Amino acid sequence: MSKKNILLTADVILMIFLIVIDQITKYFAVLNLKGVSSWVLWDGVFELHYLENRGAAFGILQDQKMIFILIAVVVLAVIFYVLFKAPYQKMYSKLHISLILIAAGAIGNLIDRVRLGYVVDFFYFSLINFPVFNVADIYVTVSSFYLVILLLFVYKESDLEFLAFKTKKNKGLS
């Protein structure tokens, strides 16, 4: 097995592990929070509050399940393309980790949408009245922010040339 295949296998294993964590937390949220009042963990600051989210972030686009499924499939296709094309070098490990976290979050919420028709959310910061969210949302939000930082401040344009589609002209075969 080549080093690249080992890296891709490790990516998939990490992704599955993260998805399992997300799904376990949602299972426990359904089991312990559905139909009961919120569990206040820090009065006035943070609580566990069961919510069936049929929309996107902040509740927008309610009941647009097919749009969310299509977006998730496109995002996952792009992520897998980048992971497959990325060179096996240490400098790309941060890129791999951020993309794996985004993919795990997208798949975790996709599983909910396909299986249940909604996403199970349960973390709530009452102090700032922040929308209720879940572990998959944390993966996507934190890693997307990190990916933006990587793309703006760490990687140079030349570091990402592996993503360019090769044509006869840019291969020097004009």
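Residues numbered from 1 in each chain as written. Predicted model: local features only at pLDDT ≥ 70, side-chain atom pairs only at ≥ 80, totals over all residues. Heavy atoms only, no water.

Peer 1: What is the right way to look at the overall build of the chain in this model?
Peer 2: Looking only at helices and strands, the chain features 4 helices and 3 strands. Starting at the N terminus, the α and β elements of the chain follow one another as α-β-β-α-α-β-α. The C-alpha extent of the chain, read off along each of the three principal axes, is 65 × 35 × 30 Å. The 174 residues of the chain split such that 36% are buried. For the chain, long-range pairs separated by at least 24 residues make up 69% of all intrachain contacts whose partners lie at least 6 apart in sequence. (Helix = DSSP H or I, 4+ residues; strand = E, 2+ residues; numbered from the N terminus. Buried < 20%, exposed > 50% of the residue type's maximum accessible area, 1.4 Å probe, protein only. Contact = heavy atoms within 4.5 Å.)

Peer 1: What exactly am I supposed to notice about helix H1 (residues 3-33) here?
Peer 2: Between its first and last C-alpha, H1 extends 44 Å over 31 residues, near the 45 Å set by a 1.5 Å rise per residue. Of the positions making up H1, those classed as buried are Leu8, Asp11, Met15, Leu18, Ile19, Asp22, Gln23, Lys26, Ala29 and Leu33. Looking one or two places after H1, you find Gly35, whose phi comes out positive at around 80°. (Expected span 1.5 Å × (residues − 1).)

Peer 1: Please clarify how helix H3 (residues 93-116) should be interpreted in this entry.
Peer 2: Every α-helix winds through 3.6 residues per turn, so residues three or four apart in the chain are directed the same way. For H3, built from 24 residues, the straight-helix expectation of 34 Å at 1.5 Å per residue is met to within 8% by its first-to-last C-alpha distance of 34 Å. Phi turns positive, to about 90°, at Gly117, one or two residues after H3.

Peer 1: Explanation requested: the confidence of the model for the chain in the structure shown.
Peer 2: The predicted coordinates ought not to be read in detail in places where the model reports low pLDDT. Per-residue pLDDT for the chain averages 91, and the proportion of residues at 70 or more is 91%. Element-level pLDDT for the chain is lowest in helix H2 (residues 65-85), with a mean of 91, against a maximum mean of 97 in helix H4 (residues 135-154). (pLDDT = per-residue confidence, 0-100.)

Peer 1: What's the story with the nonpolar core in this structure? I'm lost.
Peer 2: Note on soluble globular proteins: their nonpolar side chains tend to be buried together. With 38 residues, the main nonpolar core has Met15, Leu95, Leu99, Phe122 and Phe123 as its most contacted residues. The set of elements that each furnish at least two residues to this core consists of H1, strand E2 (46-53), H2, H3, strand E3 (119-125) and H4. A total of 9 residues in this core trace back to one element, the largest contributor, which is H3. Once residues within four sequence positions are removed from consideration, Met15 is found in contact with Phe80, Ile100, Ala103, Ala104 and Ile107. (Core = buried A, V, L, I, M, F, W, Y, C linked by side-chain atoms within 4.5 Å.)

Peer 1: What am I meant to see in the packing of H2 against H3 here?
Peer 2: When two helices pack together, their arrangement is given by the angle between the helix axes and by the axis-to-axis distance. At a closest axis distance of 10 Å, the pairing of H2 and H3 adopts a crossing angle of 155°. Accordingly, the angle class assigned to the pair H2 and H3 is roughly antiparallel. Crossing hand, H2 versus H3: left-handed. Touching Lys65, Phe68, Ile69, Ala72, Val75, Leu76, Ile79, Val82 and Leu83 of H2 are Leu95, His96, Leu99, Ile100, Ile102, Ala103, Ala106, Ile107, Leu110, Arg113 and Val114, all from H3. Tallied by class, residues from the contact of H2 with H3 come to 17 nonpolar, 1 polar and 2 charged. (Axes fitted to C-alpha atoms, helices over the stretch in contact; angles between N-to-C directions. Parallel < 35°, antiparallel > 145°, perpendicular 65-115°, else oblique. Left-handed = near helix turned anticlockwise from the far one by under 90°. Nonpolar A, V, L, I, M, F, W, Y, C, P; charged D, E, K, R; others polar.)

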